[in-house]
Amino acid sequence: MMRAVLCVAVAAVLPSAAFAHAMLQRADPPAGSELRAPPQQLVLTFTEGVEPLFSTVQLRDPAGADVPIGKPRTERSDNRKLVVQLPRLDRGRYTVTWHATSVDTHKTEGSFQFTVVK
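I will try to describe carefully the structure that is included in this document. (Residues numbered from 1 in each chain as written. Predicted model: local features only at pLDDT ≥ 70, side-chain atom pairs only at ≥ 80, totals over all residues. Heavy atoms only, no water.)

We now examine the sheet that holds strand S8 (residues 92-101). Sheet architecture is open: five strands sit in the order S2-S9-S8-S4-S5, paired in mixed fashion. A strand with exactly one partner marks an edge of an open sheet, and here the two such strands are strand S2 (34-35) and strand S5 (66-67). When S8 meets strand S9 (residues 107-116), the two strands line up antiparallel, connected through ten bridges. Among the inter-strand pairings, Thr95 is bridged to a residue of S9, identified as Gln113. (Pairing = 2+ DSSP bridges. Helix = DSSP H or I, 4+ residues; strand = E, 2+ residues; numbered from the N terminus.)

Neighbouring strands of a sheet are bound in pairs by backbone hydrogen bonds; such pairs are parallel or else antiparallel. Sheet architecture is open: four strands sit in the order S1-S3-S7-S6, paired in antiparallel fashion. Strand pairing shows two members of the sheet lacking a second neighbour, strand S1 (24-28) and strand S6 (73-75), which therefore form its edges. Between one strand and the next, the sheet's axes are offset by a mean angle of 30°, whatever the strand orientation. Note: S6 against strand S7 (residues 78-85), three bridges, orientation antiparallel. Its bridge partner being in S7, Thr74 is matched across the sheet by Leu82. (Axes fitted to C-alpha atoms, helices over the stretch in contact; angles between N-to-C directions.)

In structure tokens form, the structure reads like this:
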């Protein structure tokens, strides 16, 4: 009986670690920010490591058209950061949509906006 109670207690604790997801922790430029100069790159920092080959980042301009951007890559020193090089951006509100696959294969997605006011 004691063994069964111990197994249930352990099982209740394990799922929180086993089912973790790479959630967006921070973005540069920040979500909702107004920038005086256009950013040269986009850096998305997640709560755990991500796989750049299975993650995507899309940027839409103020008219809703796709902006051609580079493929996401991780930083050598930190696989929690997805980095994307950006072309020169004009004034306006841009929408970033991301899909991240964590190193343990869980998928998350989201979007946010930033504005270039130069």
